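Survey of secondary and tertiary structure
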Amino acid sequence: MLLGLKASTDERQIRDRLQYHPDVFEFHLTEADFTASGWQHFLKMVAWVQSQVPTVVFHHPMRFRGQRNELAMNPTKYPARYDFLMTSSVKLMTLAKKVNATALIHGGYRVDTPGDYAGWRDVAKAQDVALARMIAFAQEAPGHVVFENSMSPIFRYGDPAFEARLLRWRLPLAYDTSHTFITLRGDNERLIASLRNLKPLVRHYHLVDSMGQTHDSLPLGEGRIDWYRVLPQLNPNASRIYEIGLKNQFDCQEMIASHHYLEKVAAKLAAAKHPA
(Lines give C-alpha, C1' and ligand atoms only; values in the text may rest on other atoms or scores of the structure.)
Protein backbone atom coordinates (compact mmCIF):
# COMPACT_ATOMS: atom_id res chain seq x y z
CA MET A 1 0.00 0.00 0.00
CA LEU A 2 1.64 3.21 -1.17
CA LEU A 3 1.59 6.09 1.30
CA GLY A 4 1.24 9.37 -0.59
CA LEU A 5 1.23 12.77 1.12
CA LYS A 6 0.88 16.35 -0.05
CA ALA A 7 2.29 19.68 1.14
CA SER A 8 3.23 23.14 0.01
CA THR A 9 6.87 24.22 -0.22
CA ASP A 10 6.73 25.29 3.45
CA GLU A 11 9.56 23.56 5.34
CA ARG A 12 7.41 22.89 8.41
CA GLN A 13 4.75 21.15 6.32
CA ILE A 14 7.36 19.10 4.49
CA ARG A 15 9.05 18.04 7.73
CA ASP A 16 5.69 16.89 9.08
CA ARG A 17 5.06 14.72 6.00
CA LEU A 18 8.56 13.26 5.81
CA GLN A 19 8.38 11.88 9.35
CA TYR A 20 5.96 9.24 7.98
CA HIS A 21 8.40 8.12 5.26
CA PRO A 22 5.96 8.41 2.34
CA ASP A 23 6.38 6.56 -0.93
CA VAL A 24 4.90 9.47 -2.88
CA PHE A 25 5.11 13.21 -2.20
CA GLU A 26 3.14 15.87 -4.04
CA PHE A 27 4.07 19.55 -3.93
CA HIS A 28 1.07 21.89 -4.05
CA LEU A 29 2.50 24.95 -5.78
CA THR A 30 1.30 28.55 -5.98
CA GLU A 31 2.09 31.55 -8.14
CA ALA A 32 4.62 32.66 -5.49
CA ASP A 33 6.72 29.54 -6.15
CA PHE A 34 7.39 30.85 -9.67
CA THR A 35 9.03 34.08 -8.58
CA ALA A 36 12.83 34.12 -8.67
CA SER A 37 13.20 33.59 -4.92
CA GLY A 38 10.24 31.21 -4.73
CA TRP A 39 11.67 29.00 -7.48
CA GLN A 40 15.08 28.76 -5.79
CA HIS A 41 13.40 27.75 -2.54
CA PHE A 42 11.28 25.20 -4.41
CA LEU A 43 14.36 23.64 -5.99
CA LYS A 44 15.94 23.23 -2.54
CA MET A 45 12.77 21.59 -1.23
CA VAL A 46 12.65 19.25 -4.23
CA ALA A 47 16.22 18.11 -3.58
CA TRP A 48 15.40 17.55 0.10
CA VAL A 49 12.25 15.55 -0.61
CA GLN A 50 13.81 13.51 -3.41
CA SER A 51 16.62 12.47 -1.07
CA GLN A 52 13.98 10.62 0.96
CA VAL A 53 10.98 9.91 -1.29
CA PRO A 54 11.13 7.84 -4.49
CA THR A 55 8.17 9.41 -6.33
CA VAL A 56 7.57 13.16 -6.48
CA VAL A 57 4.76 15.08 -8.18
CA PHE A 58 4.51 18.83 -8.83
CA HIS A 59 0.95 20.21 -8.76
CA HIS A 60 0.74 23.23 -11.07
CA PRO A 61 -0.58 26.46 -9.43
CA MET A 62 -4.35 26.61 -9.33
CA ARG A 63 -4.50 30.41 -9.59
CA PHE A 64 -2.78 33.45 -11.04
CA ARG A 65 -3.60 36.81 -9.48
CA GLY A 66 -6.59 35.27 -7.78
CA GLN A 67 -8.07 33.70 -10.92
CA ARG A 68 -8.01 30.02 -11.87
CA ASN A 69 -5.43 28.76 -14.33
CA GLU A 70 -7.77 27.12 -16.83
CA LEU A 71 -5.86 24.99 -19.32
CA ALA A 72 -8.36 25.94 -22.05
CA MET A 73 -7.80 29.66 -21.44
CA ASN A 74 -8.64 31.92 -24.40
CA PRO A 75 -5.41 33.94 -24.91
CA THR A 76 -7.31 36.83 -26.50
CA LYS A 77 -9.60 37.25 -23.51
CA TYR A 78 -7.12 36.46 -20.74
CA PRO A 79 -3.63 37.25 -22.12
CA ALA A 80 -1.74 37.65 -18.83
CA ARG A 81 -3.22 34.54 -17.26
CA TYR A 82 -2.67 32.54 -20.45
CA ASP A 83 0.97 33.62 -20.56
CA PHE A 84 1.52 32.51 -16.96
CA LEU A 85 -0.29 29.22 -17.60
CA MET A 86 1.88 28.32 -20.56
CA THR A 87 5.25 29.54 -19.29
CA SER A 88 4.79 28.00 -15.83
CA SER A 89 3.57 24.70 -17.29
CA VAL A 90 6.59 24.42 -19.59
CA LYS A 91 8.93 25.39 -16.73
CA LEU A 92 7.41 22.75 -14.47
CA MET A 93 7.54 20.03 -17.14
CA THR A 94 11.17 20.92 -17.90
CA LEU A 95 12.05 20.51 -14.24
CA ALA A 96 10.08 17.25 -14.02
CA LYS A 97 12.07 15.82 -16.92
CA LYS A 98 15.35 17.00 -15.41
CA VAL A 99 14.80 15.49 -11.95
CA ASN A 100 12.65 12.50 -12.98
CA ALA A 101 9.44 13.75 -11.37
CA THR A 102 5.90 14.32 -12.68
CA ALA A 103 4.16 17.61 -13.43
CA LEU A 104 0.42 17.58 -12.72
CA ILE A 105 -1.74 20.04 -14.66
CA HIS A 106 -5.49 20.44 -14.22
CA GLY A 107 -7.63 19.94 -17.30
CA GLY A 108 -10.15 22.38 -15.82
CA TYR A 109 -11.32 23.90 -12.58
CA ARG A 110 -14.77 25.42 -12.24
CA VAL A 111 -17.16 27.42 -14.42
CA ASP A 112 -18.26 30.48 -12.45
CA THR A 113 -19.91 32.45 -15.23
CA PRO A 114 -22.60 30.76 -17.38
CA GLY A 115 -21.63 30.84 -21.03
CA ASP A 116 -17.96 31.58 -20.30
CA TYR A 117 -15.88 28.43 -20.56
CA ALA A 118 -12.30 29.63 -19.99
CA GLY A 119 -13.04 32.51 -22.31
CA TRP A 120 -14.94 30.50 -24.94
CA ARG A 121 -18.68 30.60 -25.60
CA ASP A 122 -19.33 26.89 -25.54
CA VAL A 123 -17.92 23.93 -23.67
CA ALA A 124 -17.15 21.91 -26.81
CA LYS A 125 -14.69 24.56 -28.01
CA ALA A 126 -13.07 24.74 -24.58
CA GLN A 127 -12.75 20.95 -24.50
CA ASP A 128 -11.09 20.91 -27.90
CA VAL A 129 -8.59 23.58 -26.81
CA ALA A 130 -7.82 21.81 -23.53
CA LEU A 131 -7.30 18.45 -25.24
CA ALA A 132 -5.07 19.97 -27.91
CA ARG A 133 -2.86 21.52 -25.24
CA MET A 134 -2.74 18.24 -23.33
CA ILE A 135 -1.62 16.40 -26.45
CA ALA A 136 1.12 18.98 -27.00
CA PHE A 137 2.25 18.84 -23.35
CA ALA A 138 2.27 15.03 -23.38
CA GLN A 139 4.55 15.18 -26.42
CA GLU A 140 6.71 17.83 -24.70
CA ALA A 141 7.22 15.77 -21.54
CA PRO A 142 6.44 12.09 -22.23
CA GLY A 143 6.33 10.15 -18.99
CA HIS A 144 6.58 13.32 -16.90
CA VAL A 145 3.17 15.00 -17.09
CA VAL A 146 -0.38 14.02 -16.11
CA PHE A 147 -3.73 15.79 -16.42
CA GLU A 148 -6.21 15.90 -13.56
CA ASN A 149 -9.99 15.85 -13.77
CA SER A 150 -12.23 18.44 -12.18
CA MET A 151 -15.96 19.00 -11.79
CA SER A 152 -15.90 21.45 -14.69
CA PRO A 153 -17.63 20.31 -17.89
CA ILE A 154 -14.42 21.19 -19.71
CA PHE A 155 -12.52 18.24 -18.23
CA ARG A 156 -14.41 15.80 -16.04
CA TYR A 157 -14.65 12.04 -15.96
CA GLY A 158 -17.78 9.91 -15.83
CA ASP A 159 -19.08 10.54 -19.37
CA PRO A 160 -18.21 7.49 -21.51
CA ALA A 161 -18.22 9.55 -24.72
CA PHE A 162 -15.69 12.04 -23.35
CA GLU A 163 -13.61 9.27 -21.80
CA ALA A 164 -13.48 7.63 -25.23
CA ARG A 165 -11.68 10.73 -26.54
CA LEU A 166 -9.10 10.44 -23.75
CA LEU A 167 -8.61 6.77 -24.53
CA ARG A 168 -8.24 7.52 -28.23
CA TRP A 169 -5.41 9.96 -27.56
CA ARG A 170 -3.96 7.81 -24.75
CA LEU A 171 -3.45 10.84 -22.55
CA PRO A 172 -1.59 10.33 -19.24
CA LEU A 173 -4.17 11.00 -16.54
CA ALA A 174 -4.44 11.91 -12.89
CA TYR A 175 -7.69 10.75 -11.31
CA ASP A 176 -9.34 12.53 -8.38
CA THR A 177 -11.96 10.16 -6.96
CA SER A 178 -14.04 12.86 -5.26
CA HIS A 179 -14.23 15.06 -8.35
CA THR A 180 -15.77 12.22 -10.36
CA PHE A 181 -18.04 11.16 -7.49
CA ILE A 182 -19.40 14.71 -7.11
CA THR A 183 -19.81 15.09 -10.88
CA LEU A 184 -21.84 11.87 -10.84
CA ARG A 185 -23.88 13.07 -7.84
CA GLY A 186 -22.74 10.31 -5.55
CA ASP A 187 -23.28 7.38 -7.92
CA ASN A 188 -20.84 4.63 -6.97
CA GLU A 189 -21.83 2.46 -9.94
CA ARG A 190 -20.81 5.12 -12.44
CA LEU A 191 -17.68 5.96 -10.45
CA ILE A 192 -16.57 2.32 -10.65
CA ALA A 193 -17.36 2.22 -14.38
CA SER A 194 -15.23 5.33 -14.95
CA LEU A 195 -12.33 4.05 -12.85
CA ARG A 196 -12.39 0.76 -14.75
CA ASN A 197 -12.62 2.48 -18.12
CA LEU A 198 -9.71 4.89 -17.56
CA LYS A 199 -7.55 2.54 -15.49
CA PRO A 200 -4.99 1.90 -18.29
CA LEU A 201 -4.34 5.64 -18.69
CA VAL A 202 -4.14 6.68 -15.05
CA ARG A 203 -0.63 7.42 -13.77
CA HIS A 204 -1.53 9.16 -10.50
CA TYR A 205 -4.51 9.19 -8.11
CA HIS A 206 -5.86 11.69 -5.63
CA LEU A 207 -7.67 9.50 -3.12
CA VAL A 208 -10.28 11.52 -1.23
CA ASP A 209 -13.76 10.80 0.05
CA SER A 210 -16.93 12.86 -0.43
CA MET A 211 -20.63 12.88 0.28
CA GLY A 212 -21.09 13.45 -3.46
CA GLN A 213 -22.64 16.91 -3.25
CA THR A 214 -19.89 19.49 -2.72
CA HIS A 215 -16.09 19.65 -2.73
CA ASP A 216 -15.81 18.47 0.88
CA SER A 217 -12.39 16.69 0.71
CA LEU A 218 -13.20 14.14 3.41
CA PRO A 219 -10.91 11.51 4.93
CA LEU A 220 -11.44 8.04 3.48
CA GLY A 221 -14.29 6.26 5.18
CA GLU A 222 -16.10 9.46 6.17
CA GLY A 223 -17.94 9.94 2.89
CA ARG A 224 -20.08 7.80 0.62
CA ILE A 225 -17.46 6.43 -1.78
CA ASP A 226 -17.39 2.63 -1.67
CA TRP A 227 -13.66 2.00 -1.16
CA TYR A 228 -14.13 -1.76 -1.11
CA ARG A 229 -15.15 -1.49 -4.76
CA VAL A 230 -12.79 1.35 -5.68
CA LEU A 231 -9.53 -0.17 -4.44
CA PRO A 232 -9.50 -3.12 -6.89
CA GLN A 233 -10.09 -0.68 -9.78
CA LEU A 234 -6.96 1.40 -9.14
CA ASN A 235 -4.07 0.98 -11.57
CA PRO A 236 -1.42 -0.84 -9.47
CA ASN A 237 1.35 0.87 -11.46
CA ALA A 238 0.12 4.37 -10.66
CA SER A 239 1.25 6.60 -7.81
CA ARG A 240 -1.27 7.99 -5.33
CA ILE A 241 -1.69 10.53 -2.56
CA TYR A 242 -4.39 11.26 0.00
CA GLU A 243 -5.68 14.73 -0.86
CA ILE A 244 -7.63 15.40 2.31
CA GLY A 245 -8.76 18.70 3.82
CA LEU A 246 -6.60 19.22 6.92
CA LYS A 247 -7.63 21.02 10.09
CA ASN A 248 -4.01 22.00 10.55
CA GLN A 249 -1.71 22.27 7.51
CA PHE A 250 1.26 21.41 9.72
CA ASP A 251 -0.25 18.10 10.86
CA CYS A 252 -1.37 15.61 8.18
CA GLN A 253 -3.15 13.26 10.60
CA GLU A 254 -6.25 13.08 8.37
CA MET A 255 -4.09 11.77 5.52
CA ILE A 256 -2.49 9.17 7.78
CA ALA A 257 -5.90 8.11 9.11
CA SER A 258 -7.06 7.69 5.49
CA HIS A 259 -4.07 5.46 4.79
CA HIS A 260 -4.84 3.29 7.81
CA TYR A 261 -8.46 3.03 6.67
CA LEU A 262 -7.43 1.88 3.19
CA GLU A 263 -5.02 -0.64 4.67
CA LYS A 264 -7.94 -2.16 6.58
CA VAL A 265 -10.01 -2.24 3.40
CA ALA A 266 -7.18 -4.02 1.58
CA ALA A 267 -6.78 -6.53 4.41
CA LYS A 268 -10.50 -7.38 4.41
CA LEU A 269 -10.53 -7.76 0.64
CA ALA A 270 -7.53 -10.06 0.81
CA ALA A 271 -9.12 -12.12 3.59
CA ALA A 272 -12.32 -12.49 1.58
CA LYS A 273 -10.35 -13.59 -1.46
CA HIS A 274 -8.16 -16.05 0.41
CA PRO A 275 -10.07 -17.22 3.49
CA ALA A 276 -8.14 -19.22 6.06
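Check the entry above for the structure.
Below or above, wherever it landed, is the structure these notes cover. A quick note: this is a predicted structure, and the numbers were derived from the prediction, not measured. (Residues numbered from 1 in each chain as written. Predicted model: local features only at pLDDT ≥ 70, side-chain atom pairs only at ≥ 80, totals over all residues. Heavy atoms only, no water.)

Details of the overall build of the protein chain
Scanning the protein chain from N- to C-terminus turns up 9 helices and 10 strands. Seen through its C-alpha atoms, the protein chain measures out along the principal axes to roughly 65 × 45 × 35 Å. For the protein chain, buried positions account for 53% of its 276 residues. Excluding contacts between residues fewer than 6 apart, the proportion of contacts in the protein chain whose partners are at least 24 apart in sequence is 71%. Total accessible area on the protein chain stands at roughly 12,500 Å², and carbon and sulfur atoms take up 52% of it. Each charge class in the protein chain was averaged separately, 33 positive and 28 negative side chains, and the resulting centres sit 4 Å apart. (Helix = DSSP H or I, 4+ residues; strand = E, 2+ residues; numbered from the N terminus. Buried < 20%, exposed > 50% of the residue type's maximum accessible area, 1.4 Å probe, protein only. Contact = heavy atoms within 4.5 Å. Areas by Shrake-Rupley, 256 points an atom, 1.4 Å probe, with all protein chains shown as cover. Lys, Arg positive; Asp, Glu negative; His and termini not counted. Charge placed at Lys NZ, Arg CZ, Asp CG, Glu CD.)

Remarks on the packing of aromatic side chains
Per the stated rule, a full pass over the model turns up 12 aromatic pairs. An aromatic cluster of at least three residues, connected via ring pairs, comprises Phe-25, Phe-27, Phe-34, Trp-39, Phe-42, Phe-58, Phe-64 and Phe-84. The cationic tip of Arg-81 hangs over the ring face of Tyr-78; the distance from NZ or CZ to the ring centre is 4.4 Å. The aromatic ring of Trp-120 is capped on one face by Lys-125, whose charged end is 4.9 Å from the ring centroid. (Phe/Tyr/Trp six-rings, centres within 6.5 Å; stacked < 30°, edge-to-face > 60°. Lys NZ or Arg CZ within 6 Å of the ring centre and 35° of its normal.)

Some thoughts on the sheet that holds strand β9 (residues 202-207)
Reading across from one edge, β1-β2-β3-β6-β7-β8-β9-β10 is the order of the 8 strands in this open sheet, with parallel pairing throughout. Each edge of the open sheet carries a strand with a single partner, namely β1 (4-7) and β10 (239-242). Each strand of the sheet is rotated relative to its neighbour by a mean of 25°, with strand direction disregarded. Looking at chain direction, strand β7 (residues 145-148) and strand β8 (residues 173-176) are connected through 2 bridges and run parallel. The residue of β8 that forms the bridge with Glu-148 is Ala-174. Packed on one face of the sheet, helix α4 (residues 123-140) meets β6 (102-106) and β7 and runs near 155° to β7. (Pairing = 2+ DSSP bridges. Axes fitted to C-alpha atoms, helices over the stretch in contact; angles between N-to-C directions.)

Side note on the side chain of Arg-133
Positionally, Arg-133 belongs in helix α4. Despite its burial, Arg-133 pairs with no opposite charge, the nearest such side chain being Glu-70 at 9.0 Å. Within the structure, the side chain of Arg-133 is placed 2.9 Å from the backbone oxygen of Met-73, a separation counted as a polar contact. Residues within four places of Arg-133 in sequence aside, it is in contact with Leu-71, Ala-72, Met-73, Pro-75, Tyr-82 and Met-86. (Salt bridge = Lys/Arg side-chain N within 4 Å of Asp/Glu carboxyl O. Polar contact = N/O pair within 3.5 Å; in protein donor to acceptor, adjacent residues only side chain to side chain.)

A few points about the nonpolar core
Counting residues in hydrophobic clusters, the biggest one holds 78 residues, and the most contacted among them are Phe-27, Phe-58 and Leu-166. The biggest single contributor to this core is α4, with 8 residues. Excluding residues that lie within four positions of it along the chain, Leu-166 makes contacts with Leu-131, Phe-155, Tyr-157, Leu-171, Leu-173, Leu-198 and Leu-201. (Core = buried A, V, L, I, M, F, W, Y, C linked by side-chain atoms within 4.5 Å.)

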